[in-house]
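# Analysis of the macromolecular model
Letter by letter, the chains look like this.
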Amino acid sequence: MYDKVCKSCGTRYSEFLKTSMLGCPDCYKAFNSEIISALGKFQHDTFHTGKNPNFSEEDNDLLYKYKILLKDEEIAKSQGTEKIGLSEEIRRLAEELKARGIM
């Protein structure tokens, strides 16, 4: 059987199977199809759902945007430069997140 090797660091796929550790970032590219296949076997999905798997992708996007806007508002206040409409957008997002049961 052919044992794939990462061209960057020399890690073999058989080593990954034994240790569950990759040798470098390029290993993800070298063993991509094998890793995806292995993930499908011991996880239910082959993609990351985050800490809130019951949230839809849209819910997660809204929550992410809300957190970014809060951070932007905090930075603007600390610099004394408030952004026009930022507080209103934050309020609107907060209401939408509450309506979705996220907050």
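For every chain, the first residue of the written sequence is number 1, and numbering continues from 1 onward in sequence order. Local features in a predicted model are, by the rule used here, given only for residues with pLDDT of at least 70; side-chain atom pairs are given and counted only at 80 or more, and totals for whole chains, interfaces and linings are based on all residues. As a convention, hydrogens and water are excluded, and side-chain values are obtained from all of the structure's heavy atoms.

## Considerations on the overall build of the chain
- A count of helical and extended segments in the chain gives five helices and zero strands.
- Helix numbering and strand numbering both begin at the N terminus, where a helix is a DSSP run of H or I of at least 4 residues and a strand a DSSP run of E of at least 2. Each helix (α) and strand (β) of the chain, taken in turn from the N terminus, gives the series α-α-α-α-α.
- Only protein chains enter the accessibility calculation, which uses a 1.4 Å probe. A residue is then buried if its area is under 20% of the maximum for its type, exposed if over 50%, and partly exposed in between. Counting across all 103 residues of the chain, residues that qualify as buried make up 22%.
- Here a residue-residue contact requires only that any non-hydrogen atoms of the pair lie within 4.5 Å. At a minimum sequence separation of 6, the contacts of the chain that also span at least 24 residues come to 35%.

## Quick look at helix α4 (residues 57–79)
- Taking 1.5 Å per residue as the helical rise, α4 with its 23 residues ought to reach 33 Å, and the 33 Å between its terminal C-alpha atoms agrees with that figure.
- Those residues of α4 that sit buried are D59, L62, L63, Y66, L69, E73 and A76. Helix span, as expected, comes to 1.5 Å for every residue beyond the first.

## Remarks on the side chain of E73
- Looking at where E73 falls in the secondary structure, it is placed in helix α4.
- The charge count includes Lys and Arg as positive and Asp and Glu as negative, but it does not include His or the ends of the chains. For salt bridges, the criterion is a side-chain nitrogen of Lys or Arg within 4 Å of an Asp or Glu carboxyl oxygen. Of the side chains bearing the opposite charge, K77 lies closest to the buried E73, which forms no salt bridge; the N-O distance is 4.1 Å.
- E73 has contacts with L86, S87 and I90, leaving out every residue within four places of it along the chain.

## Description of the confidence of the model for the chain
- In the predicted model, the chain carries a mean pLDDT of 82, and the fraction of residues at 70 or more is 85%.
- Model confidence for the chain, summarised as mean pLDDT per element, is weakest for helix α3 (residues 32–42) at 75 and strongest for helix α2 (residues 26–30) at 91. Per-residue confidence from the predictor is reported as pLDDT, a score between 0 and 100.

## Focus on unusual backbone geometry
- In this structure, S20 takes a positive phi of about 60° despite not being glycine.
- Its location among the elements puts S20 in the loop between α1 (13–19) and α2.

## Things to note about the nonpolar core
- In this structure, L62, L63, Y66, L69, L86, I90, L93, A94, L97 and I102 together form the largest nonpolar core, which totals 10 residues.
- Elements that contribute at least two residues to this core include exactly α4 and α5 (86–99).
- In terms of residues, this core owes the most to one element, α5, which gives five residues.
- Non-local contacts of Y66, meaning those with residues more than four positions away in its chain, are made with I90, L93, A94, L97 and M103.
- Buried Ala, Val, Leu, Ile, Met, Phe, Trp, Tyr and Cys residues that are joined via side-chain atoms within 4.5 Å together make up what is termed a nonpolar core. Listed in part, the seven residues of the second largest apolar core include Y13, F16, C24 and C27.

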